[in-house]
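Working through the structure, step by step
Here is how the chains run, residue by residue.
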Amino acid sequence: MTGRSTRFQLWRFLKVALLSALLLVCVLLVVATIRTLTLDVNEGLGLARWEEKEIVPFGISPLQRQQLLDNFKAAIRIPTVSFSDTELNYTALREFRDFLPTVFPTVFASSLVKYELVANYSHLFTVPGSDPGLQPYMLIAHLDVVPASEGDGWEAPPFSAQEMGGFIYGRGTIDDKHSLMAILQALEYLLQKGYRPRRTLYIGLGHDEEVNGLQGAMSIVRKLQSRGVKLSFVLDEGLSVIDGVIDGLTEPVALIGIGEKGQATVKLSVTTSPGHSSMPLRESSIGILAAAVTRLEQNPIPSMFGLGPELATFEHLAHKFTLPLKFFMTNLWLFSPLIGRVMEGKPDSNAFVRTTTAVTMFNSGIKINVIPPYAEAFVNLRIHSAQTLQEVLEIIRDIIGDERVKLELVNGFDPPRVSSYDEKSFGFQIIKKTVLDSFPQVTVAPGICVGNTDSRHYVDLAKDTYRFTPTWFKKGDLRRFHGVNERISAKNYEDLVEFYFRLIQNCDIRKLPEPHGSLHDL
Ligand SMILES: CCCCCCCC/C=C\CCCCCCCC(=O)NCC(=O)O
Ligand SMILES: [Zn+2]
Ligand SMILES: [Zn+2]
């Protein structure tokens, strides 16, 4: 073959390859554009025919409205702080125990409600349904809070429940006394109005969630297990309504947590020989450990975006994004690597993409002129749903890559099982319906809770566990979680009471409507 004909063949091959690539890009773009115009996974049960059921209207008087807020503020003023699993404010926990019957007299006096004190400070309520054939469900919340001190920059003292500009300020207003008080307030009103549930309802209020729920939630779970209770679903705190928080989403969305991340706390330590600071070795325990910690910070655990349920969040929200984001979000099959990279850019969204690594404590040194014989650091990791605790431990061992650094697992657990969110999923659809009954303007989507909740202790007791309160967050509000100026608007708290008032009634629907078929996929 001559050089000229080889060049000709090569040129022909390049032309065919180029044209094929161009054709492929055109086809991908056409498919992507059609999907952008048609995909809406949120249709479906909204269009279906729900079982006819009489609903007791919420209707409360101005006096009751005032009382509901007063009850909530009184709860915030009791400083039920958990400092560590051995250091809880027991005086406040006792005060809270005595306080509940004073504000919910009907709940505590009702012959319908069985009340039990669990592990001294946690509370379990059983409201038997009139139809024992319906599988029970459970609402849970916690009454302990993380520490707060006014000196950190609070605009009002953290245990004052001061109302300013329509907001009630205080530790526990969004985590988690709002849902605890709203659940009981809703039950109080329903009982006052003579409502008797069809489906058995359990309410569990833990006293040590902020330090892992080992006494409160776990004791409640053991009690129910010993009675052979099997739940349809559990609803706990977790995700919420976010409005203007995600770039490109102009409408509010309600994210219902279908799972949560796993967690590991790892202690790193380095031991060297002590000595006089005038004759130092080339490396100290502090230096070795600091280098290890720096390596962990500079080498984040690889992104797992698209391998866990976070993909479902965007599939449900895609059609609500403004262009051009809508185009990318509707076509995650093509653009998920790109979206993943963008999400890594901000701490709030990075938490959804990967197992996060936070160095939270570092201790070393004895005296200014003594070579430190020992240095230790604690690393708190929140594990992505598609990874396991064991995998994460191996990854960080590799990243540190220094045998002088000892790794010890202080505690940890795998990400709990992800709950169902399809059209046959009773809990998810009832929560979704109640959200839409209460806030018709929101879009509902499943999501992963980046923090941990008591609900993970319930996974063997319940078919599904969900994490959601209808707390309304605007841009910047997420920082108030465990942060300064935690607050909720008085209106939002009233909405919460009404939400649980509706939810308890919606749970009495016997069965879901037939699926309508929501996925208009191509
Ligand atoms: C795709 C980006 C979306 C960002 C939207 C995030 C919406 C998040 C709403 C609430 C998140 C906060 C969850 C916190 C639950 C806290 C429970 C807790 O404190 N547990 C203790 C612990 O985890 O240590
Ligand atoms: Zn909480
Ligand atoms: Zn918390």
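This is a predicted model, so every value here is computed, not measured. The residue numbers shown here count from 1 along each chain, following its written sequence. Lettering of chains starts at A and numbering of ligands starts at 1, both following the order in which they are written. Local features in this predicted model are restricted to residues whose pLDDT is 70 or higher, and side-chain atom pairs enter the listing and the counts only when it is 80 or higher, whereas totals over whole chains, interfaces and linings include all residues. Calculated side-chain values reflect all of the structure's heavy atoms, with hydrogen atoms and water omitted.

Attention now moves to the side chain of Lys 53. A run of DSSP states H or I qualifies as a helix once it reaches four residues; a run of E qualifies as a strand once it reaches two. Both are numbered from the N-terminal end. In this fold, Lys 53 is placed in the loop between helix H1 (3-38) and helix H2 (62-76). The rule is simple: take the accessible area with a 1.4 Å probe, protein chains only, and divide by the maximum for that residue type; under 20% is buried, over 50% is exposed, in between is partly exposed. Residues counted as positive are Lys and Arg, residues counted as negative are Asp and Glu, and His and the chain ends are not counted. Salt bridges are defined as contacts in which a side-chain nitrogen from Lys or Arg sits within 4 Å of a carboxyl oxygen from Asp or Glu. Asp 508 is the oppositely charged side chain nearest to the buried, salt-bridge-free Lys 53, at an N-O distance of 4.9 Å. What qualifies as a polar contact is a pair of N or O atoms within 3.5 Å, subject to a donor-acceptor requirement within protein and to the restriction that residues adjacent in sequence count only when both atoms come from side chains. At a separation of 3.3 Å, a polar atom in the side chain of Lys 53 contacts the side chain of Tyr 195. Residue contacts are counted whenever heavy atoms from the two residues lie within 4.5 Å of one another. With sequence-adjacent residues up to four places away left out, Lys 53 is seen in contact with Tyr 195, Arg 198, Gln 505, Asp 508 and Ile 509.

Ordered by their spatial adjacency, three strands build an open sheet running E6-E7-E17, and the pairing between neighbours is antiparallel. A strand with exactly one partner marks an edge of an open sheet, and here the two such strands are strand E6 (163-164) and strand E17 (487-489). By this definition, two strands are paired if DSSP reports at least two bridges between them. In this structure, E6 lies alongside strand E7 (residues 167-169), joined through two bridges in antiparallel fashion. Paired with Met 164 across the two strands is Phe 167, which belongs to E7. Every angle, taken between N-to-C directions, lies between 0 and 180 degrees, and every axis is a line fitted to C-alpha atoms, over only the stretch in contact when it is a helix. Contacts from helix H14 (residues 490-506) reach E6, E7 and E17, with the element oriented near 75° to E17.

Bringing the confidence of the model for the chain into the picture now. The pLDDT score gives, residue by residue, the confidence of the prediction method on a 0 to 100 scale. On average, residues of the chain carry a pLDDT of 93, and 96% of them reach 70 or more. The model gives residues 518-522 a pLDDT under 50, and that stretch makes 16 contacts with residues more than four places away or in other chains. Predicted complex metrics record ipTM = 0.95 and pTM = 0.91.

The zinc ion (ligand 3) binds to the protein through Asp 175 (OD), Glu 210 (OE), Glu 210 (OE) and His 482 (NE2), with metal-donor distances spanning 2.0 to 2.7 Å. The donor definition counts N, O and S atoms within 2.8 Å of each metal and applies 3.2 Å to Na, K and Ca; water is not among these atoms, so some sites may look incomplete. Binding-site remark: the zinc ion (ligand 3) is held by donors from one chain whose sequence spacing is D-x34-E-x271-H. Distance-wise, the zinc ion (ligand 2) is placed 3.4 Å from the zinc ion (ligand 3), both being coordinated by Asp 175. Note that Asp 175 is positioned in the loop between E7 and helix H5 (177-192) and Glu 210 in the loop between strand E8 (201-206) and helix H6 (216-226), a separation of 35 residues in sequence.

A few words now on the coordination of the zinc ion (ligand 2). Within the protein, His 142 (NE2), Asp 175 (OD), Glu 237 (OE) and Glu 237 (OE) serve as the donor atoms for the zinc ion (ligand 2), at 1.9 to 2.3 Å. Within one chain, the residues serving as donors to the zinc ion (ligand 2) are arranged as H-x32-D-x61-E. For Asp 175, a relative accessible area of 5% translates into the label buried.

Definition of nearness: a residue and a molecule or strand are near each other if at least one heavy atom of the residue lies within 4 Å of the molecule or strand. Taken together, 19 residues are adjacent to ligand 1, and Glu 209, Arg 382, Gly 451, Asn 452 and His 482 come closest. Here Glu 209 contributes a side-chain N or O atom positioned 3.4 Å from a nitrogen atom of ligand 1. Contact distances for ligand 1 include 2.5 Å between a nitrogen atom and a backbone N or O atom of Asn 452. Notes on ligand 1: free accessible area 670 Å², of which the protein chains cover 88%. For the shell around ligand 1, the element with the highest residue contribution is strand E9 (residues 231-243), accounting for five residues. Within the shell around ligand 1, the residues separate by chemical class into nine nonpolar, five polar and five charged. Throughout, the Shrake-Rupley method with a 1.4 Å probe supplies accessible areas, and for residues the shown protein chains are the sole cover considered. Asp, Glu, Lys and Arg are counted as charged, while Ala, Val, Leu, Ile, Met, Phe, Trp, Tyr, Cys and Pro are counted as nonpolar; the rest, among them Gly, fall into the polar class.

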